[in-house]
Amino acid sequence: ASRDSINSTIFPAAQGVVWTPPMRTWRAAVFLSFLTLSLAGKKVSVKEVVFDSAVSDIQWLGEDQKTVITQTAKGRLYRSTNGGETWNDITDFFKVDVPGSSPQPFVAESMTKSPADSNTILVSGNRKTNFISSSRGSSWKKLRQRSQIHTVIFHKTRPTWLLLSTWTSTCNKKKDSNSAPEPAEDGGGPCNHQLFLSKDLGKTFSLVQNYVVQFSWGDPTMNQQDRIYFTHFRKKTGDQPKLYIWSSDVDFAYMDADVKFWGSPVTMVALGNKFLVSHKFIFVAKVKDVAAQTVMLMVSADGGRTFNAAQLPTEIDEKSYTVLDTSEGLVMLHVNHGAKEAQVGNVYISDDKGYRFTLSLPNNVRGTNGDCEFDKVLSLEGVYMANFKETKSSDTSGGVDDKTKEAAEESQALEEETKSGTEVDKRRAPKSKAKEESVVRTVISFDKGGAWSYLKPPRVDSTGKQIECPPDKCWLHLHGITNFHNYAPFYSTENAIGIIMGTGNVGPSLRFEPDQTNTYLSRNGGLTWIEAHKGAFIYEYGDHGGLVVMADDVRKTKLVVFSWNEGQSWYDFELSSMPVEVDNIVTEPNATSTKFLLYGTRGDTGVMYHLDFESLGQPLCKGVWAADSVSSDYETWSPSDGKNTEKCLMGKQVTYTRRKQTSECFNGERFERPVSRKNCECTQEDFECEVGFTRPVGSTECRFADDGSIKIPMSCNRNDHFFATGYRKVVGDTCEGGWQPQQVSVACPAKPMSKGAWSVLGALGMLAVVLAAVNMLSQNDRVKGIFANYGFESFGTVRYANIGSKAPESALDSVGTRFDADFIEGDQDDFDAPQLMNYTNDRDRDSRDRDRDRDSRDREETRRSALDTASEAVPRLARPPGGPKEEDVDLL
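Computed from a predicted model, the values in this text were never measured in an experiment. (Residues numbered from 1 in each chain as written. Predicted model: local features only at pLDDT ≥ 70, side-chain atom pairs only at ≥ 80, totals over all residues. Heavy atoms only, no water.)

Turning our eyes to something else, we now look at the overall build of the chain. Looking only at helices and strands, the chain has 8 helices and 54 strands in total. A buried classification covers 52% of the 892 residues belonging to the chain. Taking the intrachain contacts of the chain between residues at least 6 apart in sequence as the baseline, contacts between residues at least 24 apart amount to 57%. Total accessible area on the chain stands at roughly 42,000 Å², and carbon and sulfur atoms take up 51% of it. (Helix = DSSP H or I, 4+ residues; strand = E, 2+ residues; numbered from the N terminus. Buried < 20%, exposed > 50% of the residue type's maximum accessible area, 1.4 Å probe, protein only. Contact = heavy atoms within 4.5 Å. Areas by Shrake-Rupley, 256 points an atom, 1.4 Å probe, with all protein chains shown as cover.)

Glancing now at the state of the cysteines. Every disulfide links exactly two cysteines, by a covalent bond between their sulfur atoms. On inspection of all chains with the given rule, the structure shows 7 disulfides. With a sulfur-sulfur separation of 1.9 Å, C171 is cross-linked through a disulfide to C191. Between C171 and C191, the S-S dihedral sits near 110°, and the bridge is therefore right-handed. In this pair, C171 is assigned in helix α1 (residues 169–175) and C191 in the loop between α1 and β15 (193–198), connecting sequence segments 20 residues apart. Take C171 and C191: they sit in the same class, and that class is buried. The disulfide that involves C689 links it to C702, with 2.1 Å between the sulfurs. Its torsion about the S-S bond being -100°, the disulfide of C689 and C702 is classed as left-handed. One end of the pair, C689, is in strand β48 (residues 687–689); the other, C702, is in the loop between β49 (693–694) and β50 (703–704), and 13 residues separate them in sequence. Residue C702 is classed as buried on the basis of its relative accessible area, which comes to 4%. (Disulfide = S-S within 2.5 Å.)

Bridging between strand β21 (residues 272–278) and strand β22 (residues 281–289) involves 6 bridges; their strand directions are antiparallel. In the sheet register, F275 faces β22, and the bridge partner there is V284. Connecting β21 to the antiparallel partner β22 that follows it, the hairpin turn spans 2 residues, and H279 within it adopts a positive phi of roughly 55°. Pairing analysis gives 7 bridges linking β22 to strand β23 (residues 294–300), with the strands arranged antiparallel. The partner of K286 across the bridge, within β23, is M296. Linking β22 to β23, which pair antiparallel, is a turn of 4 residues; within it Q293 sits at a positive phi near 55°. (Pairing = 2+ DSSP bridges.)

A separate point is the sheet that holds strand β11 (residues 130–133). The antiparallel open sheet is built from 4 strands, whose spatial order is β9-β10-β11-β12. The open sheet has two edge strands with one neighbour each: β9 (108–113) and β12 (141–142).

A few words now on the sheet that holds strand β20 (residues 266–269). Sheets are built from strands paired through backbone hydrogen bonds, the pairs being either parallel or antiparallel. Spatial strand order, β17-β18-β19-β20: 4 strands in an open sheet with antiparallel pairing. Looking along the sheet, the strands with just one partner apiece sit at the ends: β17 (212–217) and β20. Taking each pair of neighbouring strands and ignoring which way they run, the sheet shows an average axis angle of 30°. Here 3 bridges tie strand β19 (residues 250–256) to β20, and the two strands are oriented antiparallel to one another. The residue bridging F252 from the neighbouring strand is V269, located in β20. (Axes fitted to C-alpha atoms, helices over the stretch in contact; angles between N-to-C directions.)

A ring pair, where both rings are aromatic, is described by two values, the distance of the centres and the angle of the planes. One pass over the structure, following the stated rule, counts 29 aromatic pairs. Site record: aromatic cluster; members linked through ring pairs are Y229, F252, Y254, F275 and F307. The ring of W167 has K242 sitting right over it, with the charged end atom 5.3 Å from the ring centre. (Phe/Tyr/Trp six-rings, centres within 6.5 Å; stacked < 30°, edge-to-face > 60°. Lys NZ or Arg CZ within 6 Å of the ring centre and 35° of its normal.)

We note that L201 has phi near 55°; this positive angle belongs to a residue other than glycine. By the element assignment, L201 lies in the loop between β15 and β16 (206–209). Of the residues examined, L201 reaches a relative accessible area of 17% and is grouped as buried. Even without glycine at this site, N363 takes up a positive phi of about 60°. In this fold, N363 is placed in strand β28 (residues 357–365).

This next bit is on the confidence of the model for the chain. Summing up the model confidence of the chain, the mean pLDDT is 78 and the portion of residues at 70 or higher is 73%. Taken together, the stretch residues 1–40 has pLDDT below 50 and engages in 89 contacts with residues farther than four places along the chain or on a different chain. (pLDDT = per-residue confidence, 0-100.)

For the rest of this paragraph, the subject is the pattern of salt bridges. Inspection of the entire model under this criterion finds 26 salt bridges. When the shortest N-O distance is used, the salt bridge between R227 and D256 registers 2.9 Å. Linking R227 in strand β18 (residues 227–233) with D256 in strand β19, this pair joins segments that are 29 residues apart in sequence. Residue classification places D256 among the partly exposed positions, given a relative accessible area of 25%. (Salt bridge = Lys/Arg side-chain N within 4 Å of Asp/Glu carboxyl O.)

A few words on a nonpolar patch on the surface. On the surface, a nonpolar cluster with roughly 330 Å² of combined accessible area is contributed by V760, L764, L767 and L771. Position of L771 among the secondary structure elements: in helix α5 (residues 755–778). (Patch = residues over 30% accessible without salt bridge, like charges linked within 9 Å, V, L, I, M, F, W, Y side chains within 5 Å.)

By the secondary structure assignment, L559 is in strand β39 (residues 559–563). Separated by 13 residues in sequence, L559 and D572 have C-alpha atoms that sit 6.3 Å apart. Not counting chain neighbours up to four residues away, the residues in contact with L559 comprise A551, D572, F573 and E574.

The next point concerns the environment of I710. For I710, the location among the structural elements is in the loop between β50 and β51 (721–724). Exposure remark for I710: the relative accessible area of 15% places this residue in the buried category. Sequence-wise, I710 and T725 are 15 residues apart; in three dimensions their C-alpha atoms are separated by 9.8 Å.

Let us now look at the nonpolar core. V549, F562, F573, L575, L598, L611 and F613 are the most contacted members of the largest nonpolar core, which totals 34 residues. Those elements giving two or more residues to this core turn out to be β2 (42–51), β37 (537–542), β38 (547–552), β39, β41 (581–586), β42 (595–602) and β43 (605–612). Tallying contributions element by element places β38 first for this core, with 5 residues. Among the nonpolar cores identified, the runner-up in size contains 20 residues, and V287, V299, A310 and L312 belong to it. (Core = buried A, V, L, I, M, F, W, Y, C linked by side-chain atoms within 4.5 Å.)

Here T170 is to be found in helix α1. Here T170 falls in the buried class, since its relative accessible area comes to 14%.

Laid out in structure tokens, this is it:
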């Protein structure tokens, strides 16, 4: 490796002084090679650069997205102005001034890009030194805030505004009492978390509030872009405690940044500990009982003017929350109910108000950090994919059909086959499942979670061989985000219309062994799939989805695989003579370019390749406005769930123009895709289940859940029925006419016995005991004489007229020796005994019908109760997938 010398003058990085690094291109700690690789007459340009360590972050700057700044694991910064073809190491231009000593090396810890200005970026470094640039990194200014930055959030519409938080210097001194004392720029005082506002890109700062827990800007769609939301401790004395548990001393409040003089913060939710602002919704976790550590989730859909407690179908403890998505006018909420199967939770979908939830998908897979295997297909409206677990004790009628039981058995049999071999082989074999691990399956919804179905598997593999798989046990299953360190999760982008990729397998359930994992692609929004390549690959899209680039994600590789026709054919070429362990493949955020960056590691060093597919020489496509004609390179396509001939989703037929697979051309970065829409007739798929009703996977029928969320009429008697609303239109669905839901007939549940009924039953029981005792005593030789004479002695001398020669002489004689023979077995004992109704079952506590195992009194209490939440560990409210980093405020 060689390094060009640098002859330049470095201006001192004093506060407010601007310096400009030399623009001469040089190879900083890199060697740069240019390879022209040929394949069937086509050429791909490859440039390699070696960094000091692995790449940890990449930021694309400028309107044209050509400026790239890369941060490495060791804290060095590299800058490129041509999309990653050539790089400059700019780290040495940042100096850290330490009183009493020479400048110290700068170590970058994080980068934050402004959503309001693509030219602005802030770099936070070690030793309380932070720099900001509004010129795509060509010049930098040191922030006047001489504290260790904890969090930075740029304003969403004002380029020069930002919020910044720090912990006071006292906190660092208490954390490391052995470190050398540093001057306290903040004046010392108790340890607390302070929030500052700057309106001039860090030249000046004003204190917003101290003892802050969380903070965020308001939502521009609600005209609250200048509002600062935060949670803070009411008592502002002494050291600020960490919010490890729910606290009654924390409130949710706001202050407006556009006023000239700030007053006291306005409290919106007293006892509101954690919050999240996402689109038009505001979520706040409000403490309900400090001693029991219970909370309730408060939701506002009107900018905080009103809050409503989230109403879940069942009264079950909520241990943590994750807001999955709010981008389409409703809330998709994942709730971990603290069950034995800790890595699952239920997915609930709300109405347009955001607080009345109905169960969408039980047992959704979640990670320990709150990530959920649930994602939106970004290029299509209303399409979502998710993974769920089926536990052995789950009731399949509550979430899957009967075929799932057989599939589970098949999966178990396949699992047993992998256990063959020596004990050493078993220990070295991939641990695909724990001993009690449940099977994982992938499902897709085309109506915002209203109904779910399994992925249709491809009929043949990537080699053209027929896939052997019984039809009733055959689905496609893909890995999600919780297993990203092993396999790439299912993935989509906004500009690659209808294209989804993922790694997984075909069979009854998801497999975790590398030799069972392949890469799959769908070009019709997840309706059908093909096997793109054997093995697990990492992938990225370019040219509006017209170009797909992949590399091996499991083993070190020298090869890159690509397709310019959306998976119809694949080509590969060599990156280098030395293999590299690939970490990722990225392109500019719009996914419209034909240039990619592939980065990974080779030993202890980081390696990055710039891949330029423009050198393939493909012409630009033609005929975009004459799609479907013979002379055009384009065709029209409408996404569908495959259940109707009109090809409608969310109540409308959307027609996109996309390149034909057979057209050898590129769309180009300036390509604008024509789109047309028209409404469709309503079908059952346009409706989701109302609160109190649920759907099994693969079905559109909403069934009564009997979870206590629907109030049973008092006049509802056994063997009778009542009518309830079982369906509601999916939020955002625009269908017209057609199928309209009717009231659903629901059988009346058996009523629990009243206190009067219990009293009657008790009296009858006591009478039965007395009669049984009398019966036993009357047959005892010692006392049966008492019973025999009682009631007859005083009539012993009464004489009756003779009727025949065998007539008795007295009443006692007329009874006979067995006077009690038929008494106990008399007709008076023929009555209907009260029946004890059994409401219990063996369902797992995580199943949808878990409340059915409560006794009758608990069921009555459930019907009357409102939402009651509890938390042993502080829940986490994570941002929806695909959201900007500055909105990443977690409900921990």
